[in-house]
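# Geometric and topological summary
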Amino acid sequence: MMEKKDIRALSKEELRDFFVANGDQAFRGNQVYEWLWSKGAHSFDDMTNLAKSTRTMLENNFVINHIKVDTMQRSEDGTVKNAVRLHDGLVVESVLIPTNTRTTACVSSQVGCSLDCNFCATARLKRMRNLEPAEIYDQVIAIDKESRLYYNHPLSNIVFMGMGEPLMNYNNVLKAIEMITSNEGLGMSPKRITVSTSGIPKMIKKMADDEVKFNLAVSLHSAIDEIRSKIMPFSASFPLADLRESLEYWYKKTKSKISFEYVVWKGINDNKESVEALVKFCKYVPCKVNLIEYNPIDDGEFQQASEESINVYIKALEATGIVVKVRRSRGKDIDAACGQLANKEA
């Protein structure tokens, strides 16, 4: 028996064509498309304005591979972590991060991760597969519902900083963002979306060529090649000179400022040389720096640097006019903070 196709892999035009080919009218395709995306239907029976025979025909031809929030944990600080089960039984995690003024969804783009950053629990999981656009979209819908339920307002921002390297699942991530920003989806402004990458130069250039409208964040962690490739071994293939060139290209094409994500670790990059290298790197393109509090992942090789070391970074960056923020971790008590997503519950 042939495996049924996930109906959400079809474009609106393909849905319209399907109905015409089956002796119905094209506008049925529009109705089904609306149920699938803006109304978030989980089954064909939800589509109450379609005749029973039409719903049966859809059931016979397609499936809706919807995600299911398996477990949801709430942190003392209000952060919510979802363990999301996919149709094939695999699990990813996504996080709702609230502040006084907004709620942010941190979503995953891969099951596991393609990369090998030594400080990250997710990187220890092998990459099992890329997420489909609808699976990324569903994570956002689930968090939007939780935002409305717990915080009385819709989701305001999205960051692709969950499990996986978004640029290694480029086409699906872009399709998901297209639906999230479409009026037929969530209608969210692309300026409220940030895609975070560990820094793959040719894909950064591709994004610039594709004239994307969302924001770009780069996990930098060191502006010295030797240190960076120890922290993030894959980056040995993408030296900082290539990364710098791709970011200059990005800015020239998009005029969009870059955010650098940067963790300061004790005995690794908490020295004068590392501070000076970062300040110099930041001068190449308009940017801001987020200094991120580190969340240990059991083995103790990486330790959070002292407040004093972080202050040295802040002073040096501010002295040259670079905007710098310290991002305190949220959801540490439920392993929902940066670098901690590793499916311990799965």
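What you see is a predicted model, and the numbers here were worked out from it, not measured in a lab. (Residues numbered from 1 in each chain as written. Predicted model: local features only at pLDDT ≥ 70, side-chain atom pairs only at ≥ 80, totals over all residues. Heavy atoms only, no water.)

### Focus on the packing of helix H9 (residues 272–282) against helix H10 (residues 307–319)
Short version of the rule: For helices, the axis comes from a line fit to the C-alpha atoms of the stretch in contact; other axes are also lines fit to C-alpha atoms, and the angle between any two N-to-C directions lies between 0 and 180 degrees. Each helix is a run of DSSP H or I of at least 4 residues and each strand a run of E of at least 2, with the numbering of both proceeding from the N terminus. For any helix crossing, the convention is left-handed if the near helix is rotated counterclockwise from the far helix by under a right angle, and right-handed if that rotation is clockwise. Contact criterion: two residues are considered in contact whenever any of their non-hydrogen atoms come within 4.5 Å of each other.
The contact between H9 and H10 brings their axes to 10 Å, and the two run at 35 degrees. The way H9 lies across H10 gives a crossing that is right-handed. Here Ser-274, Val-275, Leu-278, Val-279 and Cys-282 of H9 lie close against H10, whose contacting residues are Val-312, Tyr-313, Ala-316 and Leu-317.

### Overview of the environment of Leu-86
Of note, Leu-86 is situated in the loop between strand E4 (80–85) and strand E5 (91–98). Remark: the alpha-carbon pair of Leu-86 and Leu-131, spanning 45 residues in sequence, is separated by 9.1 Å. Among all residues touching Leu-86, those that are not within four sequence positions of it are Ile-67, Val-92, Val-111, Arg-129, Leu-131 and Glu-135.

### Regarding the pattern of salt bridges
For clarity, the cut-off: Salt bridge, as used here: a side-chain nitrogen of Lys or Arg that lies within 4 Å of a carboxyl oxygen of Asp or Glu. Residue exposure (1.4 Å probe, protein chains only): buried if accessible area is under 20% of the type maximum, exposed if over 50%, otherwise partly exposed.
Taken as a whole and assessed by the stated rule, the structure comprises 16 salt bridges. For Lys-206, the salt bridge is made with Asp-210, and the minimal N-O distance between the two is 3.2 Å. Judged by relative accessible area, which is 35%, Lys-206 ranks as partly exposed. Classification of Asp-210 as partly exposed rests on a relative accessible area of 36%. It is possible to trace a salt-bridge network through shared partners that takes in Lys-68, Asp-70 and Arg-85.

### Considerations on the environment of Ile-136
Topologically, Ile-136 is positioned in helix H4 (residues 133–151). Along the backbone, Ile-136 and Ala-176 are 40 residues apart, and their C-alpha atoms lie at a distance of 6.2 Å. Discounting residues that sit within four places of it in the chain, Ile-136 has contacts with Val-107, Ser-108, Ser-109, Leu-131, Phe-160, Asn-169, Asn-172, Val-173 and Ala-176.

### Quick word on the packing of aromatic side chains
So the rule is basically this: Each pair of aromatic rings taken from Phe, Tyr and Trp, with Trp reduced to its six-membered ring, is defined by centres within 6.5 Å and is described as stacked if the planes are under 30 degrees apart, edge-to-face if over 60, and tilted in the remaining cases. Think of it as a cone above the ring: NZ of Lys or CZ of Arg counts as a charge over the ring if it is within 6 Å of the ring centre and within 35 degrees of the ring normal.
Enumeration according to the criterion identifies 9 aromatic pairs in this entry. A ring pair is formed by Trp-37 and Tyr-137, whose centres lie 4.9 Å apart and whose planes are at 80 degrees; its orientation type is edge-to-face. Placement of the pair is Trp-37 in the loop between helix H2 (27–36) and helix H3 (52–61) and Tyr-137 in helix H4, with a sequence separation of 100 residues. According to the relative accessible area criterion, Tyr-137 is buried, its value standing at 1%. Consider the rings of Phe-281 and Tyr-284, whose centres lie 5.8 Å apart with planes at 85 degrees: the pair is edge-to-face. Overall, the relative accessible area of 29% leaves Tyr-284 in the partly exposed class. Ring pairs connect the aromatic residues Phe-18, Phe-19 and Phe-62, which therefore count as one cluster. The aromatic ring of Tyr-249 is capped on one face by Lys-205, whose charged end is 5.9 Å from the ring centroid.

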